[in-house]
Amino acid sequence: MALKSRKVAIVGTGLVGSSTAFSLITQGVCEEILMIDLNKERALGEAMDLNHCIEYLNRNTKVRAGSYEECGDVDIVVITAGAPPKPGQTRIDTLHLSAKIAESIVNPIMKSGFKGYFIIISNPVDMIAYHVYKLSGLPKSHIIGTGTSVDSARLKNFIGELLKVDPRCVQAYSMGEHGDSQMVPWSHVYVGGKPFLKVIEDNQDRVGDVNLNNLVLDTAKAGWEVYNRKGTTYYGIATAAVAIIKAIINDENRIMPVSTLLDGEYGEFNVFTGVPVVLNGTGVKEVVEIDMLPEELNKFKESNDFIRKCISELGYEI
Ligand code: NAD
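Residues numbered from 1 in each chain as written. Predicted model: local features only at pLDDT ≥ 70, side-chain atom pairs only at ≥ 80, totals over all residues. Heavy atoms only, no water.

This paragraph deals with the pairing of strand β12 (residues 283-287). Summarising the sheet, strand β11 (residues 269-280) and β12 pair through four bridges and their orientation is antiparallel. Within β12, the residue paired with Val278 across the bridge is Glu286. The turn linking β11 back onto β12 is made up of two residues. (Pairing = 2+ DSSP bridges. Helix = DSSP H or I, 4+ residues; strand = E, 2+ residues; numbered from the N terminus.)

Here it is as structure tokens:
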């Protein structure tokens, strides 16, 4: 009996898509990658270039240009086709164009017989993930937006720099929209097992007065700080996407923040939003509900209200 090879398709082979493929092959995550793009030459060129890495990597991942018709037996489709914001635009300004692009992708992929997992990177990611959920008809556990995964990594970097500790020793989530309205439940941020708020209280002489609101703003703005210098961001988000793919493919039961559909958790319905979840071979196994303080819960709900307002602009009754 032949073992089934694990296949990932990447739709949109621009900077984010090609970085995701590069991260997949360097980490040896799957056996096969299909590169799909409206610009077929671009997809082919990326596949060729990626194949030229194989000699010097740990395993032979087969990378090739592909098509939607070939997605029937693909395990995970990553959607990163989109319209990155032009200078002066916000992520929300790209909503309608990104929604149209998502339709042109999801409909033919579902016709191929695809039953796997969609990972959505295209912005505005929470709204596009909701759209893909509705278009695909797949169970909610199969649709995963990258959400605040990259924002949480940025938040941990800021806290790590402030306290001069490895950011991986920080446990922290940015939650809600992958955008300006995201929030941080500070009562659930820990450094080496100690509450962050207590760490800064006990170390005033070293860290001074820490402005928590500015830390949230810096986290939400961090992507734009990169954008202003190099025109876009891709390594951070590609690495976060690969962490999600590994959690599914390796059945890891990893807890990380992603955008998922809330159906009563946190008292919220009808919204894809950034929350910690358990990810495994069934996709989103469950949402982790942390006990937020009332003021934190209010900020989270405000962010979700904003996402719902944008979703309704796509014609959905919310
Ligand atoms: P890019 O312009 O480098 O690449 C986009 C690719 O999508 C291009 O190759 C283009 O040909 C392709 N494409 C466009 N329309 C298509 C369609 N209908 N079908 C198939 N392919 C199509 O852009 P990028 O920098 O890679 O960004 C891609 C998306 O990712 C944008 O929406 C961007 O906002 C988003 N993004 C999200 C995050 C996040 O944290 N979620 C971070 C960075 C970028």
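Here the narrative resumes.
A word on the UniProt feature "domain: Lactate/malate dehydrogenase C-terminal" (unreviewed entry) in the protein chain. The feature "domain: Lactate/malate dehydrogenase C-terminal" (unreviewed entry), as given by UniProt, occupies residues 148-312 in the numbering adopted here. The distance from the first to the last C-alpha atom of residues 148-312 is 21 Å, and the span holds 48% helix and 20% strand. (UniProt positions renumbered as here; feature names shortened; annotations may be inferred.)

With 17 residues, helix α3 (residues 95-111) extends 24 Å between its outermost C-alpha atoms, agreeing within 8% with the 24 Å of an ideal straight helix rising 1.5 Å per residue. Inspection of α3 places Leu95, Ser98, Ala99, Ala102, Ile105, Val106 and Ile109 among the buried residues, and these make up the whole buried set. Mapping the buried residues of α3 onto a view down its axis gives an arc of 135°, with all of them on the same face. Opposite the packed face of α3, turned more than 90 degrees from it, sit the exposed residues Lys100 and Lys111. On the buried face of α3, the contacting elements are β1 (7-11), β4 (76-79), β5 (117-120), α4 (125-136) and α10 (294-312). Among the residues trailing α3, Gly113 stands out with phi positive, at a value near 95°. (Expected span 1.5 Å × (residues − 1). Buried < 20%, exposed > 50% of the residue type's maximum accessible area, 1.4 Å probe, protein only. Arc of directions from axis to C-beta. Contact = heavy atoms within 4.5 Å.)

Moving on to the domain arrangement of the protein chain. Examined at the domain level, the protein chain breaks down into domain 1 (7-145) and domain 2 (149-312). Computed over C-alpha atoms, the centres of domain 1 and domain 2 are 23 Å apart. At the junction of the two partners, domain 1 supplies 35 residues and domain 2 supplies 39 residues. Of the roughly 3200 Å² buried at the junction of domain 1 and domain 2 (both faces included), carbon and sulfur atoms supply 70%. Of all residues in domain 1, the largest losses of buried area upon contact with domain 2 belong to Arg91, Asp126 and Tyr130, amounting jointly to 21% of the total for that side. Across the domain 1-domain 2 interface, the total number found is one salt bridge. The closest approach of N and O atoms between Asp263 and Lys140, which form a salt bridge, is 4.0 Å. (Domains from an automatic or database assignment. Buried area = accessible area lost by both parts, 1.4 Å probe. Salt bridge = Lys/Arg side-chain N within 4 Å of Asp/Glu carboxyl O.)

Secondary-structure assignment places Lys246 in helix α9 (residues 235-249). In this structure Lys246 comes out as partly exposed when scored by relative accessible area, which is 24%. For the pair Lys246 and Gln27, spaced 219 residues apart in sequence, the C-alpha to C-alpha distance is 9.5 Å. The contact partners of Lys246, leaving out residues within four places of it in the chain, are Gln27, Val29, Asp251 and Glu252.

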